[in-house]
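Tertiary structure, described
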Amino acid sequence: MATRVAQRRERIYVDGEWLEMENVITVSDLADGGTFAQVDAADPATAQTALEAAHEIKPELRETSVVERATWCEEIADGLREREEELTEIIVREAGKPVSSARGEVGQAAERFDRAAEEARNIVSKGEYREGSTEGHEGWQAIVKHEPIGAVLCITPYNYPLATTALQVAPALAAGNSVLLKPASKTPISAAILADVIADVDGIPDGAFNFVPGEASEIGDVLSGDDRINAVAMTGSSGAGKHVARESGMVNLHMELGGNAPAIVFDDADLEDVAGNCAKGSFKYAGQRCSAVSRVLAHESVHDDLVELIDDEMDSWAAGDLFDEDTALGPLISEDQADWVEELVEDAIEKGADLVRGGERRAPEGVPEELGNQFFEPTLLANVPHDARIVDEEQFGPVAVVTTFEDETEALEIANGSDLALDAAVFTSDHNRAMDVANRVDAGAVRINGAPSHGLGDIPFGGNKDSGIGREGLDASIHAMLRKKSIVL
């Protein structure tokens, strides 16, 4: 267990100034209990100030070169690496993430700023040249150039409070936009350190980056509904995303929302490999990931064997001291989230699912009593009926859900039956079937013989249906935060 840090207080950063507010957001310590930190909470007036600052700086940012902006991103990456240990501990405490995962997140965030610099140089420097090819336009020539879209509102989630923030902020800055960062209220402290790093970078104009933490009920609509915003980059729940989309009007929406990834397992799959992938996909960060394996659709002939193998894999997924390098699981982000997971598990059992393991809210030995109700045991449900809510709804908990299908047609009906369509996986040794099913699954990304993973963002990812709008990724996000201008000669 790490030495307990003194309770910290972080401020708002708007138009190049650090501001203290009357109201604060209190952040819980999910490692030791109690309060970890406080961050000043923006009110509507401060949100308006940030909007004006981001709007006023647009012309100046448009004149900056891609070389300047790439240098900013590289310096930010270096700054994050210099504060790796501090950021690692912050993520452990505010997000309840095991230390090994938290450390990896810091490295990933820094790498995303470096990669954004590379991608921006590649994308922005190219442009296009076109010639007229229709009657009446013979001899026309045009230069098609990229320019910043304007001001980008970044709304980030609690589950990857630094890495996902980097995936939004880095492309926005690299493309020459001003940024307003509204972090999740449960995990704003790592974003505050990012703001501190950015504030120390020479050359970034005041107003180009604004850190505006606050309760969504207070400032959410103020920010998302303002005409000075040109794009919204958001990672969050489908419900929240729909609300922001209704408020935002005619802006570029770049949203990665809820997920309920099916893993379709055929009878010719390597079941030991499947079990390891599905256990990791279901239990990593206690299942609080949009790309988590939310339901395993197993061919009826292999269901029982696969359940037994997943059960064996679960022995290595135990909760414990978050600062122990060997700990795999921590608490859920809140009691409300644990309530939700418990509700879905109980519904499945009531409808006939077999509870193979877990199913209780039980904290490991040594966990502060006040956190006990946020721990949900790693749970395995077998023979889950297709009408159980957990088959179609996002759970965000450490629950492996195994149901059956008779043939490929039924597997696709179940997989495509949810309103969520972010990720999916297909396990089979038949290449042709793997490609056929991957093409027919309604999802933004399909992994063959592996659990879904978004990595650094080299490959575009995003959702269909209620799982989002557009595609994220380093180059994909930069493209979404640029607009094309045709200059006809």
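Residues numbered from 1 in each chain as written. Predicted model: local features only at pLDDT ≥ 70, side-chain atom pairs only at ≥ 80, totals over all residues. Heavy atoms only, no water.

An unreviewed UniProt entry annotates the protein chain as Aldehyde Dehydrogenase originating from Natronorubrum tibetense GA33. Quoted verbatim from the Sequence similarities (unreviewed entry) field of UniProt, the annotation for the protein chain is "Belongs to the aldehyde dehydrogenase family." (UniProt positions renumbered as here; feature names shortened; annotations may be inferred.)

**Describing the overall build of the protein chain**
Scanning the protein chain from N- to C-terminus turns up 16 helices and 23 strands. Expected size for 489 residues packed as a compact globule is a radius of gyration near 23 Å; at 23 Å, the protein chain falls within 12% of this value. By its C-alpha atoms, the protein chain is 65 × 65 × 35 Å across when sized along the principal axes. Looking at the protein chain as a whole, 57% of its 489 residues qualify as buried. The contacts of the protein chain with a sequence gap of at least 6 include a subset with a gap of at least 24, amounting to 74%. Counting only carbon and sulfur atoms, one obtains 43% of the accessible surface of the protein chain, whose full area is about 19300 Å². Side-chain charges of the protein chain comprise 40 positive and 93 negative groups, with the mean position of each set lying 5 Å from the other. (Helix = DSSP H or I, 4+ residues; strand = E, 2+ residues; numbered from the N terminus. Rg over C-alpha atoms; globule rule 2.2 N^0.38 Å. Buried < 20%, exposed > 50% of the residue type's maximum accessible area, 1.4 Å probe, protein only. Contact = heavy atoms within 4.5 Å. Areas by Shrake-Rupley, 256 points an atom, 1.4 Å probe, with all protein chains shown as cover. Lys, Arg positive; Asp, Glu negative; His and termini not counted. Charge placed at Lys NZ, Arg CZ, Asp CG, Glu CD.)

**Topic: empty space enclosed by the protein**
Throughout the structure, instances matching the rule amount to 2 cavities of 30 Å³ or more. The calculated volume of the largest cavity comes to roughly 50 Å³. Lining the largest cavity are Gly-259, Ser-282, Gly-287, Arg-289, Ala-292, Val-293, Ser-294, Glu-394, Gln-395, Phe-396, Gly-397 and Val-399. Here the residues of the lining of the largest cavity sort into 4 nonpolar, 6 polar and 2 charged. Looking at the second largest cavity, its volume works out to about 40 Å³. Lining the second largest cavity are 13 residues; nearest its centre among them are Pro-262, Leu-420, Ala-421, Asp-423 and Asp-442. Taken together, the elements giving at least two residues each to the lining of the second largest cavity come down to strand E13 (261-265) and strand E18 (420-421). Of the residues contributing to the lining of the second largest cavity, the split by class is 8 nonpolar, 2 polar and 3 charged. (1 Å grid on protein atoms, 1.4 Å probe; cavity = no way out; pocket = protein on both sides within 12 Å on 5 of 7 lines; lining within 4 Å. Points joined across faces, edges and corners; volume = space filled by probe spheres on them. Nonpolar A, V, L, I, M, F, W, Y, C, P; charged D, E, K, R; others polar.)

**Topic: the sheet that holds strand E1 (residues 8-10)**
An order of E1-E5-E4 is seen for the 3 strands of this open sheet, with the pairing classed as mixed. Sheet topology places E1 and strand E4 (24-28) at the edges, where each strand pairs with a single neighbour. Strand-to-strand twist of the sheet, defined as the mean angle between neighbouring strand axes without regard to direction, takes the value 25°. When E4 meets strand E5 (residues 35-40), the two strands line up antiparallel, connected through 5 bridges. Each bridged residue has a counterpart across the sheet, and for Val-24 the counterpart in E5 is Asp-40. Across the sheet, helix H7 (residues 189-199) touches E1, E4 and E5, and the angle it forms with E1 is around 60°. (Pairing = 2+ DSSP bridges. Axes fitted to C-alpha atoms, helices over the stretch in contact; angles between N-to-C directions.)

**Description of the nonpolar core**
Counting 74 residues, the largest nonpolar core has Ile-76, Leu-80, Phe-113, Val-169, Phe-209 and Phe-211 as the members making the most contacts within it. Tallying contributions element by element places helix H5 (residues 99-124) first for this core, with 10 residues. Taken domain by domain, the makeup of this core includes at least three residues from each of domain 1 (8-257 + 467-488) and domain 2 (261-448). Dropping the residues within four chain positions of it, Val-169 is found in contact with Phe-113, Cys-154, Val-179, Leu-181, Ile-198 and Phe-209. Counting residues in hydrophobic clusters, the runner-up holds 56 residues, among them Ile-310, Leu-332, Ala-382 and Val-437. (Core = buried A, V, L, I, M, F, W, Y, C linked by side-chain atoms within 4.5 Å. Domains from an automatic or database assignment.)

**Brief notes about the domain arrangement of the protein chain**
Domain boundaries in the protein chain define domain 1 (8-257 + 467-488) and domain 2 (261-448). At the junction of the two partners, domain 1 supplies 27 residues and domain 2 supplies 28 residues. Summing the contributions of domain 1 and of domain 2, the shared interface buries around 2100 Å²; its carbon and sulfur component is 61%. It is Leu-30, Tyr-158 and Ser-467 in domain 1 that bury the most area against domain 2; as a group they hold 26% of the surface buried on that side. At the boundary of domain 1 with domain 2, the tally comes to 1 salt bridge. Here Glu-325 and Arg-103 are joined by a salt bridge, their closest N and O atoms 3.0 Å apart. Elements with a contribution of two residues or more to the side of domain 1 that touches domain 2: helix H4 (84-95) and H5. Residue contributions to the side of domain 1 that touches domain 2 peak at 5 residues, all from H4. The residue inventory of the side of domain 1 that touches domain 2, partitioned by class, reads 9 nonpolar, 8 polar and 10 charged. (Buried area = accessible area lost by both parts, 1.4 Å probe. Salt bridge = Lys/Arg side-chain N within 4 Å of Asp/Glu carboxyl O.)

**Remarks on the sheet that holds strand E23 (residues 482-488)**
Spatial strand order, E6-E7-E23: 3 strands in an open sheet with antiparallel pairing. Two strands in the sheet have a free side with no partner beyond their single neighbour: strand E6 (128-131) and E23. Averaged over all adjacent pairs, the angle separating strand axes in this sheet is 30°, with direction ignored.

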